[in-house]
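Below, each chain spelled out in residue letters.
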Amino acid sequence: MLIDRAVIEVRSGKGGDGAISFLQEKNMPKGGPDGGNGGRGGSVIIKADSTVNTLLAYRHSKVIEAKDGGKGDKKLRFGASQPDVYAYVPCGTMVEDEATGKVLADLVNDGDEYLAAKGGRGGRGNACFKSSRLRIPRIAENGHPGERKRLVLELKLLADVGLIGFPSVGKSTLLNLLSRANAETADYPFTTLVPNLGVATLPDRSAQFVVADMPGLIEGASQGKGLGFAFLRHIERCRVLVHLVAMDGERDPYQAYLAIRKELAEYGAGLENRPELIVASKMDEEGAEERKKHFDEQTGITSIGLSAYTEEGVKELLYKAYDLLSKTPQYPLYSKEDEVVYDATKTEQKPFIITHPSAHLFIIEGEKVMERYNLINLSTDQGVSQLLSYLTSIGVDEELKQKGAIDGDEVRIGEFVFEYVS
């Protein structure tokens, strides 16, 4: 079963806390600080693997979690760093942020990696804080927190040529003629429920390329009707489109051609601009020659006549498709240019905000200030002093005063509470 879309949650490990310790041996009762650093938390990495061909392993919103780093210990012993966790996906998988829809990575080649959640760095032990001014440091850092994200994995097959057209125009049959895919064929619509891949070889065996038989389209596919999204998602990578139009008389060929072209345009990925070969299929049907002639007059393009029964047109199609491929570049779905670049000309925002939810209560919040708060070990007086000094340095005292704080008011940051003193 081809599962081509999945939602996962990734959680990297928190860094281990640094230790507060002092060397106390028989001959060294005051040996100084010897608290070691914490270990690094494990990261979560998504990696493309050519041996994987479906996202079935992540079908049910799987959580991928790395372990937390070990805590530092006395005698300068560092905490254990944890190994990274790998999530293997098929080549051609795109990674998106579920909340924003932003494309984060496009893993096309075997071995491509994306660091989905970076493990937290271990906190420094008190031995790192020793200086000529601070001989007995009773402070240490907590480990940096890990990351947690919800990501969308979306597989878009790596095919050079995509076979498109209405249901029952002969796409699966053509794929079987071009390769040995053994795709299911039948005389009813939607026998192909997921894309099939095959490798086509030129008659002289000088070259090969990958062909994808896409699920049949119907009108409204670009809005999600029928199998539209299943088809259009995978065709985004195809460099050349082979558009099959049946000449059996069951549907007006020209109107069928225009309807599919309309769906390609409305999908919004520039699919209507891809190089295209038009194939008039089912040429062994009665009246097919007259319909093809009239169809070519309407489009102004000479289509390639094809009969699966006699194999008419197969060689011509192979050579023309390969010739068009050799002139057509890859179509990247994701560009590094789309990434947000830091603009140093913009005014930097304050690292904190202060809310006043009730009388005599002020709460300090903000991503940057909480990031620093989480690193400070508040189990000692020096740690508390370090936090208060930091809050003063970034202007918290001044803002509390402007917001009307008076002596004795309660100020809260995270789980730490202190009294305001002017």
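Residues numbered from 1 in each chain as written. Predicted model: local features only at pLDDT ≥ 70, side-chain atom pairs only at ≥ 80, totals over all residues. Heavy atoms only, no water.

**Q** Mind showing me how you'd approach the overall build of the protein chain here?
**A** Along the backbone of the protein chain there are 8 helices and 18 strands. Considering the protein chain as a whole, with its 422 residues, one finds that 46% of them fall into the buried category. Counting contacts in the protein chain only where the partners sit at least 6 residues apart, residues at least 24 apart contribute 70% of the total. Summing over all exposed atoms, the protein chain offers an accessible surface of approximately 22,500 Å²; the carbon and sulfur share of this is 48%. (Helix = DSSP H or I, 4+ residues; strand = E, 2+ residues; numbered from the N terminus. Buried < 20%, exposed > 50% of the residue type's maximum accessible area, 1.4 Å probe, protein only. Contact = heavy atoms within 4.5 Å. Areas by Shrake-Rupley, 256 points an atom, 1.4 Å probe, with all protein chains shown as cover.)

**Q** Looking at this structure, I do not really get the layout of surface pockets. What am I missing?
**A** By rolling a water-sized probe across the atoms, one finds the places where empty space is left. One number sums up the size of the second largest pocket: a volume of about 330 Å³. Lining the second largest pocket are 13 residues, and of these L177, L178, T201, R205 and L318 sit closest to its centre. Elements supplying a minimum of two residues to the lining of the second largest pocket: α1 (171-178), β10 (196-201) and α5 (314-326). Here the lining of the second largest pocket takes 3 residues from α5, the largest share from any one element. (1 Å grid on protein atoms, 1.4 Å probe; cavity = no way out; pocket = protein on both sides within 12 Å on 5 of 7 lines; lining within 4 Å. Points joined across faces, edges and corners; volume = space filled by probe spheres on them.)

**Q** So what exactly am I meant to see when it comes to the sheet that holds strand β7 (residues 113-117) here?
**A** In sheet architecture, strand pairing relies on hydrogen bonds along the backbone and comes in two forms, parallel and antiparallel. Spatially, β4-β2-β7 is the arrangement adopted by the 3 strands of the open sheet, whose pairing is mixed. In this open sheet, the two edge strands, each paired with only one partner strand, are β4 (85-89) and β7. Sheet twist, expressed as the mean angle between neighbouring strand axes with direction ignored, is 25 degrees. One ladder, built from 4 bridges, connects strand β2 (residues 44-48) with β7; its direction is antiparallel. (Pairing = 2+ DSSP bridges. Axes fitted to C-alpha atoms, helices over the stretch in contact; angles between N-to-C directions.)

**Q** What is the right way to read the nonpolar core from this model?
**A** A general trend in soluble globular proteins is that nonpolar side chains are found buried together. Residues V161, F209, V211 and V242 are the most contacted members of the largest nonpolar core, which totals 37 residues. In contact with V161, not counting residues within four places along its chain, are F209, V210, V211, A212, C238, V240, V242 and L325. Within the second largest apolar cluster, 25 residues are counted, among which are I64, A66, A117 and L151. (Core = buried A, V, L, I, M, F, W, Y, C linked by side-chain atoms within 4.5 Å.)

**Q** Got a minute to help me understand the packing of helix α6 (residues 367-375) against helix α7 (residues 381-393) in this structure?
**A** Helices that pack against each other are described as a pair by the angle of their axes relative to one another and the distance between those axes. Relative orientation of the contacting elements α6 and α7 amounts to 160 degrees, with a least axis distance of 11 Å. In terms of orientation, α6 lies roughly antiparallel with respect to α7. Handedness of the α6/α7 crossing: right-handed. Only L387, Y390 and L391 of α7 make contact with α6, whose side of the interface consists of K368, V369, R372 and Y373. By residue class, the composition of the contact of α6 with α7 is 5 nonpolar, no polar and 2 charged. (Parallel < 35°, antiparallel > 145°, perpendicular 65-115°, else oblique. Left-handed = near helix turned anticlockwise from the far one by under 90°. Nonpolar A, V, L, I, M, F, W, Y, C, P; charged D, E, K, R; others polar.)

**Q** Help me out: how do you make sense of empty space enclosed by the protein in this one?
**A** Overall, the coordinates contain 1 cavity of 30 Å³ or more when judged by the stated rule. Of the volumes computed, that of the largest cavity is approximately 40 Å³. Around the largest cavity, the lining residues are V161, L163, L178, F209, V242, L317, L318 and A321. Within the residue set of the lining of the largest cavity, elements represented by two or more residues are β9 (161-164) and α5. Looking at the lining of the largest cavity element by element, the count peaks at 3 residues for α5.

**Q** Help me understand a negative patch on the surface, please; the structure alone is not making it clear to me.
**A** A cluster of like negative charges, contributed by E250, D284, E285, E286, E289, E290 and E312, occupies part of the molecular surface. With respect to the helices and strands, the residue E312 is situated in the loop between β14 (304-305) and α5. (Patch = residues over 30% accessible without salt bridge, like charges linked within 9 Å, V, L, I, M, F, W, Y side chains within 5 Å. Salt bridge = Lys/Arg side-chain N within 4 Å of Asp/Glu carboxyl O. Lys, Arg positive; Asp, Glu negative; His and termini not counted. Charge placed at Lys NZ, Arg CZ, Asp CG, Glu CD.)

**Q** Explain the pairing of strand β6 (residues 103-107) to me, please; I cannot follow it from the model alone.
**A** When a strand is regular, its side chains alternate between the sheet's two faces. With respect to burial, β6 is a largely interior element, 4 of its 5 residues being buried. Across 4 bridges, strand β5 (residues 93-97) lies against β6 in antiparallel orientation. Across the sheet, the residue bridging to V95 is A105, located in β6. Between β5 and β6, which pair antiparallel in sequence order, lie 5 residues; one of them, G101, sits at a positive phi of approximately 75 degrees.

**Q** It is not clear to me how the pairing of strand β17 (residues 410-413) should be interpreted in this structure. Could you clarify?
**A** Burial along β17 is one-sided: the face carrying V411 and I413 is buried and the face carrying E410 and R412 is not. For strand β16 (residues 361-365) and β17, the ladder comprises 3 bridges, and the chain directions are parallel. The partner of L361 across the bridge, within β17, is E410. As defined by bridge partners, β17 adjoins strand β18 (residues 416-419) across 4 bridges and the pair is classed as antiparallel. If you follow R412 over to β18, its bridge partner there is V417. The antiparallel hairpin formed by β17 and β18 contains 2 residues in its connecting segment, where G414 sits at a positive phi of about 60 degrees.

**Q** I would appreciate a short explanation of the side chain of D34 in the present structure.
**A** Looking at the element boundaries, D34 is found in the loop between β1 (5-11) and β2. K75 is the oppositely charged side chain nearest to the buried, salt-bridge-free D34, at an N-O distance of 7.1 Å. Within polar-contact distance, the side chain of D34 engages the backbone nitrogen of F22 at 3.2 Å. Of note is the side chain of D34, whose polar atom sits 2.8 Å from the backbone nitrogen of K75. Not counting the four nearest positions on each side in its chain, D34 is found in contact with S21, F22, L23, D73, K74, K75, L76, N126 and A127. (Polar contact = N/O pair within 3.5 Å; in protein donor to acceptor, adjacent residues only side chain to side chain.)

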